[in-house]
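# Coordinate analysis (summary)
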Amino acid sequence: MSGNVDAPLALLAELTHRCPLQCPYCSNPLELDRARDELDTDDWRRVLDEAADLGALQVHFSGGEPTARRDLGELVRHASRAGLYTNLITSAVMLDEARIALLAAAGLDHVQISFQDVDEAAGDRVAGYPTAQRLKREAAGLVREAGLPLTVNAVVHRQNLARLAAMIERVVELGAGRLEVAHVQYYGWALHNRGAFLPTRNQLDQATEIVEAARVRLKGRLVIDYVVPDYHAKFPKACMDGWGRRFLNVTPSGKVLPCHAAETLPGFHFPSVRQASLGDIWRESEAFNRFRGTAWMPEPCRSCERREIDWGGCRCQAFALTGKAAATDPVCVLSPDHSVLDAAISEAEAPSPNFVYRRIGGRPTGDRAAHVPLPAEG
């Protein structure tokens, strides 16, 4: 199959799993990579070169918190010189004027900052970090002063949807050119905390009305993307635009994945850039080829007219809900497993449980929002 594989569009470079925030909806795996296991600067430079040689057009520097890497500026500079469009996906709480100026001088093209809420106390509680929302606002202003394009990622869920309209107004005030209203997607820590975040159908419908009205009112001023929670959809989304079709993800320790949650799937060996080139992994590895295309699909996907629209949906979601990675995504109304969603959706009507915060080295319970120092590098 390798001869028919197109070049990827983008590389998601997860530089580190270290992060000062503890968001309980984080898409990182429950078992987080330690700093000692991270790829070093030379490894990442080679990965960036190989991504450009493979035909990728973009690199998204992510984490954890990518600004925890002291070599971020050097990696941005190297990617820019390799011809890659560079995007920084950041919590922004570690950004200051000097760091932003350094990154801009290195060739950074775009910054994406996530916000937890327009209510600072509620947002800081979710982040597990006092003052996080204030620091994010200040960083957003510095990004715009530096002349860099800004996207705001507003993560929404049952505990903040009542303030969605105010969140949109805040984004306009920040001067962002793009807003992604992103309902929590249930992978990693978010799946572990699903009962605390999944909205009711009524909440979702109200949110959709607010977004559609804002799109009309702010047309020409703000581009608004909208990502709904799969559990309330009729058909699944084309996860990563199809397994192994457009995107690849390199973890902090060097594993190459078709999506950020793929390590949850059993029976896979995901190759590492420490042992193989990015090109060979993309084209030849069994892990990338297993769910590529449509030949692997069961019915009803195989004969469905949507098979090259949603590509069978999300493999990680199929496994999480059915225990079968090759099953039709049960979000689809045509799936024989569609009824498994009933129990999950019922959680949206129940009282919200306490958060299990995202932390390296354990899965503590409780609804605490104490500041935890960033683990040291090395």
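Now for a quick tour of the structure. These figures come from a predicted structure and were not determined experimentally.

Criteria and thresholds
Residues numbered from 1 in each chain as written. Predicted model: local features only at pLDDT ≥ 70, side-chain atom pairs only at ≥ 80, totals over all residues. Heavy atoms only, no water. 1 Å grid on protein atoms, 1.4 Å probe; cavity = no way out; pocket = protein on both sides within 12 Å on 5 of 7 lines; lining within 4 Å. Points joined across faces, edges and corners; volume = space filled by probe spheres on them. Nonpolar A, V, L, I, M, F, W, Y, C, P; charged D, E, K, R; others polar. Axes fitted to C-alpha atoms, helices over the stretch in contact; angles between N-to-C directions. Helix = DSSP H or I, 4+ residues; strand = E, 2+ residues; numbered from the N terminus. Parallel < 35°, antiparallel > 145°, perpendicular 65-115°, else oblique. Contact = heavy atoms within 4.5 Å. Expected span 1.5 Å × (residues − 1). Buried < 20%, exposed > 50% of the residue type's maximum accessible area, 1.4 Å probe, protein only. Arc of directions from axis to C-beta. Pairing = 2+ DSSP bridges. Left-handed = near helix turned anticlockwise from the far one by under 90°. Polar contact = N/O pair within 3.5 Å; in protein donor to acceptor, adjacent residues only side chain to side chain.

For the structure shown, the criterion picks out 4 cavities of 30 Å³ or more. What lines the largest cavity is a set of 13 residues, and nearest its centre among them are Cys-239, Gly-242, Trp-243, Gly-313 and Arg-315. Each residue belonging to the lining of the largest cavity can be placed in one class, and the counts come to 10 nonpolar, 2 polar and 1 charged.

Two quantities define a packed helix pair, namely the angle between the axes and the distance from one axis to the other. At their nearest, the axes of helix H4 (residues 120–127) and helix H5 (residues 132–145) sit 7 Å apart, and the two run at 100° to each other. On the basis of their axis angle, the class for H4 and H5 is roughly perpendicular. Across from Glu-120, Gly-123, Asp-124 and Ala-127 in H4, the residues of H5 making contact are Ala-132, Gln-133, Arg-134 and Arg-137. Its residues placed into classes, the contact of H4 with H5 shows 2 nonpolar, 2 polar and 4 charged.

This brings us to helix H9 (residues 201–217). The end-to-end C-alpha separation of H9 is 24 Å, in line with the 24 Å expected for 17 residues at 1.5 Å each. Inspection of H9 places Leu-204, Ala-207, Val-211 and Ala-214 among the buried residues, and these make up the whole buried set. Viewed along the axis of H9, the buried residues span an arc of 90°, placing them on a single side of the element. Counted as exposed and oriented over 90 degrees from the buried face of H9: Glu-209 and Val-216. Buried positions along H9 lie against helix H6 (164–174), strand S6 (178–183) and strand S7 (223–227).

Let us look at unusual backbone geometry. In the segment running from Gly-63 into Gly-64, the intervening peptide bond is cis, with an omega of 15°. Within the secondary structure layout, Gly-64 lies in the loop between strand S2 (58–62) and helix H2 (72–81). With an omega dihedral of 10°, the bond running from Glu-299 to Pro-300 counts as a cis peptide bond. A positive phi angle is found at Thr-131, which is not glycine, with a value near 75°.

The strand order across the open sheet formed by 9 strands is S7-S6-S5-S4-S3-S2-S1-S8-S9, and the pairing between neighbours is mixed. Because the sheet does not close on itself, it has two edges, and the strands there are S7 and strand S9 (256–257). When strand S5 (residues 150–156) meets S6, the two strands line up parallel, connected through 6 bridges. Counted as the bridge partner of Asn-153 is Glu-180 from S6. This element, H6, spans strand S4 (110–115), S5 and S6 of the sheet and lies at about 165° to S5. Packing of H9 onto the sheet brings it into contact with S6 and S7, and relative to S7 it is tilted by some 160°.

What follows deals with the environment of Arg-134. Relative to the helices and strands, Arg-134 is located in helix H5. Remark: the alpha-carbon pair of Arg-134 and Arg-194, spanning 60 residues in sequence, is separated by 27 Å.

This next bit is on the packing of H2 against helix H3 (residues 97–106). Here H2 crosses H3 at 20°, and the two axes come no closer than 8 Å. Taken together, the axes of H2 and H3 are roughly parallel relative to one another. The chirality of how H2 crosses H3 is right-handed. Residues Leu-72, Gly-73, Val-76, Arg-77 and Ser-80 of H2 form the contact with H3, whose participating residues are Arg-99, Leu-102, Leu-103 and Ala-106.

As a further point, take the side chain of Asn-28. Inspection of the secondary structure assignment puts Asn-28 in the loop between strand S1 (10–14) and helix H1 (41–54). Within the structure, the side chain of Asn-28 is placed 3.2 Å from the backbone oxygen of Gly-63, a separation counted as a polar contact. Within the structure, Asn-28 has its side chain in polar contact with the backbone nitrogen of Gly-64 (distance 3.0 Å).

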